[in-house]
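Chain residues, written in single-letter form:
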Amino acid sequence: MDHQEWTRTIKNRNFLVSTQKDLLPVSFVQRVLDDPDVFWTTASSEAATKTIIENSCVLGLYEVHDAEGSPGPTRTPIGMARLITDYVSFAYLTDVFLVQKHRGLGLGNWVIHCVRDVALRIPDLRWLMLMTGSEAAQRLYQREFGMSPLAEHDHLVAMGARKVALQAVGSRAPNTGETGA
């Protein structure tokens, strides 16, 4: 999918949301993933973070400044959202973040609108999914995406396992129904 960009001016300040991966510094993503507000994960190594960026649709949010003597504007990263997607039928939203001092300007809602634009360009989208533990976030995603808890859809249940559970299951012998020789 080609990269997309959106611009907005708020209180004489210019902002950009872009899916262009090379604009988003790996160090910023690592800081985001280590922020206490992003409680569901922790930062990985620089190499792993690069892989995360390369294998996702990442929407970077930037404050844009005209820099004197610079060939173009400078873009300071202030937020992000990440879609894990096959770009055909499925997208999982995660790592939505906005730097604290930029909250209260409507930028978080704007990023969510940009995520919606990206999702609507996925040609055969069956599911846009996410996980949240916040009732306020649930209301936001219901309002902005029309989401509801998955258990209410087609008798499906969202399920998950952390790595430790996968390892525990992997240590047991598979139940094949066959008897030993």
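Within an unreviewed UniProt entry, the label attached to the protein reads Acetyltransferase, and the organism entered is Amniculicola lignicola CBS 123094.

What the six strands build is an open sheet, ordered S1-S2-S3-S4-S5-S6; its pairing is mixed. Edge positions in the open sheet fall to strand S1 (5-10) and strand S6 (127-130), since each of these has one partner strand only. Here the average twist between neighbouring strands, direction ignored, is 25°. The pairing of strand S4 (residues 74-85) with strand S5 (residues 90-98) spans six bridges and is classified as antiparallel. Looking at S5, one finds that Ile-84 is bridged to Tyr-92. Taken strand by strand, helix H1 (residues 26-34) contacts S4 and S5, and its axis lies near 65° from that of S4.

In this section: the side chain of Ser-18. Its location among the elements puts Ser-18 in strand S2 (residues 13-18). In terms of polar contacts, Ser-18 uses its side chain to reach the backbone amide nitrogen of Gln-20, at 3.0 Å. When near neighbours in sequence (up to four residues on either side) are disregarded, Ser-18 contacts His-3, Gln-4, Glu-5, Leu-23, Val-58, Leu-59, Gly-60 and Tyr-62.

Here we come to the nonpolar core. Among soluble globular proteins, nonpolar side chains are generally buried collectively. Residues Leu-93, Leu-107 and Tyr-141 are the most contacted members of the largest nonpolar core, which totals 30 residues. Ranked by residue count, the leading element in this core is helix H3 (residues 107-120), at eight residues. If we skip the residues at most four places from it in the chain, Leu-107 touches Ile-10, Phe-15, Leu-61, Ile-78, Leu-98 and His-102. By size, the runner-up hydrophobic cluster in this structure holds 14 residues, among which are Val-26, Val-38, Ile-53 and Phe-97.

Thresholds, definitions, all that
All residue numbers here refer to positions counted from 1 along the written sequence of the relevant chain. Local features in this predicted model are restricted to residues of pLDDT 70 or higher, and side-chain atom pairs are both shown and tallied only at a pLDDT of 80 or more, whereas totals for entire chains, interfaces and linings draw on every residue. Calculated side-chain values reflect all of the structure's heavy atoms, with hydrogen atoms and water omitted. For two strands to be treated as a pair, DSSP must find no fewer than two bridges joining them. Put simply, DSSP marks the helices as runs of H or I at least four residues long and the strands as runs of E at least two long, and each gets a number from the N terminus on. Only the stretch in contact is used when fitting a helix axis, every axis being a line fitted to C-alpha atoms; angles between N-to-C directions are given from 0 to 180 degrees. Two residues qualify as a contact provided that any one of their heavy atoms is within 4.5 Å of a heavy atom in the partner residue. We define a polar contact as two N or O atoms separated by no more than 3.5 Å, with the added condition that, inside protein, one atom must be a possible hydrogen donor and the other a possible acceptor, whereas residues neighbouring each other in sequence contribute only through side-chain atom pairs. Throughout, nonpolar core names a set of buried Ala, Val, Leu, Ile, Met, Phe, Trp, Tyr and Cys residues whose side chains join them through atoms within 4.5 Å. Burial classes follow relative accessibility: with a 1.4 Å probe on protein chains only, a residue under 20% of its type's maximum area counts as buried, one over 50% as exposed, and anything between as partly exposed.

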